[in-house]
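Below, each chain spelled out in residue letters.
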Amino acid sequence: MANPSAVCNGHLHHHHHQKQNNLLKSGISKKNGITKGMKKNGVSNGTVYKKTFIEHFEQAPMYVAVFTVVGFAVGTIFGYLRDFMRAWGLEKRHIAAEREQQKDFVPLYQDFENFYTRNLYLRIRDNWNRPICSVPGPQFDLMERVTDDYNWTFRFTGRTIKNVINMGSYNYLGFAETDVNALKTVTIELEKYGTGVCSTRQEMGTLDKHVELEKLVATFLGVEDAMVFGMGFATNSMNIPALVGKGCLILSDELNHTSLVLGARLSGATIRIFKHNNMQSLEKLLRDAIIYGQPRTHRAWRKIIILVEGIYSMEGSIVRLPEIVSLKNKYKAYLYLDEAHSIGAVGATGRGVVEYFGMSPDDVDVLMGTFTKSFGAAGGYIAGKKGLVDFLRTHSHSAVYATSMCPPVAEQIIRAMKCLMGLDGTTQGLQRVRQLEKNTRYFRRKLHEMGFIIYGNDDSPVVPLLLYMPGKIGAFARRMLEKNIGVVVVGFPATPITESRARFCVSAAHTREMLDTVLNALDELGDFLHLKYSRYSKSAHPELYEESRLELED
Amino acid sequence: MNVGTAHSEVNPNTRVMNSRGIWLSYVLGIGLLHIVLLSIPFFSVPVVWTLTNIIHNLSMYIFLHTVKGTPFETPDQGKARLLTHWEQMDYGVQFTASRKFLTIMPIVLYFLTSFYTKYDRIHFIINTISLMSVLIPKLPQLHGVRIFGINKY
């Protein structure tokens, strides 16, 4: 490292010291919660990463954590107080109670299990389950909903709030649209096939549309064959039990989605969890599994499969695919990659994390993804070698018991995929991918400059903004709605107790003006609610800083 | 708003005491309690310290060793419904950092209280009984034990 702050091509680069892992020469350095995988002096020297991999997981100052805990404690104490008042009749009971005749029966539910829902979730319940009444494009309409008794019941006033900017829908490429020209083929197919399939894949539910779609998905991903299913969640939960069973080992990431966890538990295999995106943890688990074998008999595992996701939707982090592939090749394990959020959203032409890292789809054994996020449809796919997909066609629970995807939805995916691949004769697909990339970078950069704490990879369109305190969850969501922006907020227990967040999903359909509106609103709200906790915000005017450095170096 | 939607932690209650800021908030909470008690004009200093010790131990006993289950529904079909929070911590693994911290805190408070009450006999008896009531349930031998069936269901 000759010059720690070399200026290359007019951009200021900070080359951190490469910390060599004794296991993998990936050059990952971690400083203050910011992880970077760097190339030395711009030339790849045998590292598995072909471009920089920058992820941020900054920790807020300690006083923020203390206030968060105090907030939850105060909420809990008031919860106990209100429960006491409700039990002794000092306050009206809105919740369902056992009938008079059944009061001496053993209770159906333990009421402590609803403590959190009753006393903390309910108070800010108006920020979730908001009914929308238009297509979830970059802007949408909300039904106006008010409550007279502090969120116990809601009523609709009949009015709609129009043109709320949508920062919560997984509409990464903007295919959730109602433009008649775009949906022309979908309407034709709807008139030809109707809406329902009325059968499972193995009986009479395999249409020529499905065959066409599967061929297209296989071509899109660059694999031999693919199979599509009607529901994205069910793709995971119904197919993992078909692939692994008792005597197999599943190594699953800490932050895997419920569908993967459910599929893993349904399969009956042994599940071991490794720390999120932590390759040392994964390697240790792999080594222990191979050295010690199954728990009591010490026989070899029948199969070892690693379950990871492309983009983790709560953290916004991208999987470290090159390292996982080298680990899997070294220890002979299988890899199942769930690209629910990353297919269409990352990669130079939208083909997911495999393309993002410049790897070949042959490196991953099972490629799984959903069509709900970037393609504006519903359903999921599993792709890979022909043998694997043929096996799933016969053995998957979904193929035998669940109805197949309905034809208009299949046509929507076909037209979206053709648009992405450029087969419809336009460059619209590529433009959408580029626009998403630009929007993502712009949004993240601006949020960093403003001083918010953002989690995740710099290239991921999922942007979690940390709110920390439980009171701010409700305040943030409500005030954003007043400014006509719809956001998704999430708190404990879906996230760790001190890390409540708001999650933004950037879309290719967002224009620069919409993003600027959102950013200005966030700026105001950040000052008002004191959300700008970051201690490492970049300067808002890097060009000026750069010029002065140039002069000094002269 | 579901437990376990975004992570595979089946019971988040097990990790609450390891979260960032909890230990500091706990100590600050005891400090706040002490200051509030000190502000009451007709309590002498030894009485205030004994009261702090008693209230702290009583709250700890209630929240860690009496209240059972989780305040939210967990996806593991209620494995933790009959377990107190102490038993749920770290899924029952003994001698973790949080368990040691929560064992040492009442002992430290006991030392301070004994000093400030000048080792008076009555205060000593009260404080020692209170300390025992909060230390004995933390022994690993008493994991899951319900004496005389109290608090079993």
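It should be noted that the structure appears before, not after, this text.
Residues numbered from 1 in each chain as written. Chains lettered and ligands numbered in written order. Predicted model: local features only at pLDDT ≥ 70, side-chain atom pairs only at ≥ 80, totals over all residues. Heavy atoms only, no water.

Student: Talk me through the sheet that holds strand E6 (residues 139–146) of chain A; I want residue IDs and the actual numbers.
Tutor: All names here are of chain A. Pairing in this open sheet of three strands is mixed, and the strands run E6-E7-E17 from one edge to the other. Looking at strand neighbours, the two that pair on one side only are E6 and strand E17 (485–486), the edges of this open sheet. The pairing of strand E7 (residues 155–166) with E17 spans two bridges and is classified as parallel. Bridge pairing links Asn166 to Gly486 in E17. (Pairing = 2+ DSSP bridges. Helix = DSSP H or I, 4+ residues; strand = E, 2+ residues; numbered from the N terminus.)

Student: I'd love a proper account of unusual backbone geometry, names of residues and values included.
Tutor: Although it is not a glycine, A:Asn129 sits at a positive phi angle of roughly 55°. Looking at the secondary structure, you find A:Asn129 in the loop between helix H2 (115–121) and E6.

Student: Break down the interface of chain B and chain A for me, with residues and values.
Tutor: Contacts between the two partners involve 29 residues from chain B, matched on the other side by 34 residues from chain A. Buried surface at the junction of chain B and chain A, summed over both partners, amounts to about 2,800 Å²; 60% is from carbon and sulfur atoms. One can count two salt bridges joining chain B with chain A. For the salt bridge of A:Glu113 with B:Arg81, the shortest nitrogen-to-oxygen distance reads 2.8 Å. The greatest single-element share of the side of chain B that touches chain A, amounting to four residues, is contributed by helix H1 (residues 22–39) of chain B. A class-by-class count of the residues in the side of chain B that touches chain A yields 13 nonpolar, ten polar and six charged. (Contact = heavy atoms within 4.5 Å. Buried area = accessible area lost by both parts, 1.4 Å probe. Salt bridge = Lys/Arg side-chain N within 4 Å of Asp/Glu carboxyl O. Nonpolar A, V, L, I, M, F, W, Y, C, P; charged D, E, K, R; others polar.)

Student: So what about the pairing of strand E11 (residues 304–309) of chain A? Which residues, and what values?
Tutor: Residue and element names in this part refer to chain A. In terms of burial, E11 is largely enclosed, as six of its six residues are buried. Neither face of E11 is exposed, since Ile304, Ile306 and Val308 on one face and Ile305, Leu307 and Glu309 on the opposite face are all buried. Inspection of the sheet shows strand E9 (residues 249–253) paired to E11 by four bridges, in the parallel sense. Bridge pairing links Ile250 to Ile305 in E11. Sheet topology note: the E11/strand E12 (residues 334–338) ladder contains five bridges and is parallel. From the neighbouring strand, Ile306 faces E12, where its bridge partner is Leu335. Taken together, E11, helix H8 (residues 321–331) and E12 form a β-α-β motif whose crossover is right-handed. (Buried < 20%, exposed > 50% of the residue type's maximum accessible area, 1.4 Å probe, protein only. Right-handed = clockwise from strand over helix to strand, strands pointing away.)

Student: Outline the packing of helix H1 (residues 62–87) of chain A against H1(B), supporting the account with residue identities and numerical values.
Tutor: At a minimum axis separation of 8 Å, H1(A) and H1(B) run at an interaxial angle of 65°. Viewed along their axes, H1(A) and H1(B) adopt a mutual orientation that is roughly perpendicular. Note on packing geometry: the crossing formed by H1(A) with H1(B) is right-handed. Every residue of H1(B) that contacts H1(A) at A:Met62, A:Val66 and A:Val69 is listed here: B:Ile22, B:Leu24, B:Ser25 and B:Leu28. Taken together, the residues of the contact of H1(A) with H1(B) break down into six nonpolar, one polar and no charged. (Axes fitted to C-alpha atoms, helices over the stretch in contact; angles between N-to-C directions. Parallel < 35°, antiparallel > 145°, perpendicular 65-115°, else oblique. Left-handed = near helix turned anticlockwise from the far one by under 90°.)

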